[in-house]
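Understanding the architecture of this molecule
These are the residues of each chain, in order.
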Amino acid sequence: KVWAILLSTIAIVLILSSSVFAETGDSVGDVVTVDGLTYLITSLDDLNGTVELTGYSTNPSGTLNIPQSIEHDSVVYNVTSIGEDAFKFCTNITSVIIPDGVTIIKEFAFGQCWGLTSVIIPESVNVIYNRAFLRCSKINSISFPLSLKKIG
């Protein structure tokens, strides 16, 4: 009888904890949208996590000032990478400001952004993949950080 009560109690605790987790929403691998930009959750601890900027829901134009962090469902996520094809073919972007904390710019992240003329890359970036700025022939201002360990 004691075992039955113990197992019932454990089952109730597991059910309650799983429903609480389901109500809080986000988990690693989920995609969230904040202020017209989409992000993939890459890590999550109690009240903070990290995300990769993967694209947009509304076509950005002019200066694209990527946020250092976002808040979604009361969780703060630091932006640590810019994903593959994130802004490919965004021809209306003229400049990009990448925040400190981003460490990786993936392949084709800004590929064929024909209107792009300037890019600010912080010291935190240490890897820029192949073709990250493919066919961005109007870029006239870009500085690569000393921290850069690999550029494609």
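Here, the structure is the one placed above.
Notes on the structure in this doc start here. This one's a predicted model, so the numbers in the text were calculated from it and none came from an experiment.

1. Some details on the overall build of the chain
If you tally the helices and strands in the chain, you get one helix and 12 strands. Order of helices (α) and strands (β) in the chain, N terminus to C terminus: α-β-β-β-β-β-β-β-β-β-β-β-β. Scored against the burial criterion, the 152 residues of the chain give a buried share of 36%. The long-range fraction of contacts in the chain, counting pairs at least 24 apart against all pairs at least 6 apart in sequence, stands at 41%. Accessible surface, the chain: about 8,600 Å² in total, of which carbon and sulfur atoms supply 57%.

2. Quick look at unusual backbone geometry
With glycine set apart, most residues show a phi of negative sign, and most peptide bonds adopt trans. At Asp 85, a position not held by glycine, the phi torsion is positive, near 65 degrees. Here Asp 85 lies in the loop between β6 (75-82) and β7 (93-97). The phi torsion at Arg 135 lies on the positive side, around 60 degrees, for a residue other than glycine. Looking at the element boundaries, Arg 135 is found in the loop between β10 (127-128) and β11 (141-143). Looking at Arg 135, the relative accessible area reads 56%, which means it is exposed.

3. Here's the deal with the packing of aromatic side chains
A complete count under the given rule lists four aromatic pairs for this structure. Considering the side-chain rings of Phe 87 and Phe 110, the 5.5 Å spacing of their centres and the 5 degrees angle between planes classify their relative orientation as stacked. A residue pair is termed long-range when its members are at least 10 positions apart, and Phe 87 in the loop between β6 and β7 and Phe 110 in the loop between β8 (104-105) and β9 (118-120) qualify at 23 residues. Of the residues examined, Phe 87 reaches a relative accessible area of 0% and is grouped as buried. Look at Phe 110 and you get buried, because its relative accessible area is 0%.

4. Digging into the environment of Asp 73
Checked against the element boundaries, Asp 73 lands in the loop between β5 (69-72) and β6. Judged by its relative accessible area of 46%, Asp 73 is partly exposed. Sequence-wise, Asp 73 and Leu 47 are 26 residues apart; in three dimensions their C-alpha atoms are separated by 9.7 Å.

5. Structural notes on the pattern of salt bridges
Within this structure, the stated rule accounts for three salt bridges. The partner of Lys 88 in a salt bridge is Asp 85, with the nearest N and O atoms 4.0 Å apart. Given a relative accessible area of 26%, Lys 88 falls into the partly exposed group. A relative accessible area of 35% means that Asp 85 is categorised as partly exposed. Measuring nitrogen to oxygen at the nearest pair gives 2.5 Å for the salt bridge that ties Arg 131 to Glu 107. Placement of Arg 131 in the loop between β10 and β11 and of Glu 107 in the loop between β8 and β9 is noted, with a sequence separation of 24 residues between them.

What counts and what doesn't
Residues numbered from 1 in each chain as written. Predicted model: local features only at pLDDT ≥ 70, side-chain atom pairs only at ≥ 80, totals over all residues. Heavy atoms only, no water. Helix = DSSP H or I, 4+ residues; strand = E, 2+ residues; numbered from the N terminus. Buried < 20%, exposed > 50% of the residue type's maximum accessible area, 1.4 Å probe, protein only. Contact = heavy atoms within 4.5 Å. Areas by Shrake-Rupley, 256 points an atom, 1.4 Å probe, with all protein chains shown as cover. Phe/Tyr/Trp six-rings, centres within 6.5 Å; stacked < 30°, edge-to-face > 60°. Salt bridge = Lys/Arg side-chain N within 4 Å of Asp/Glu carboxyl O.

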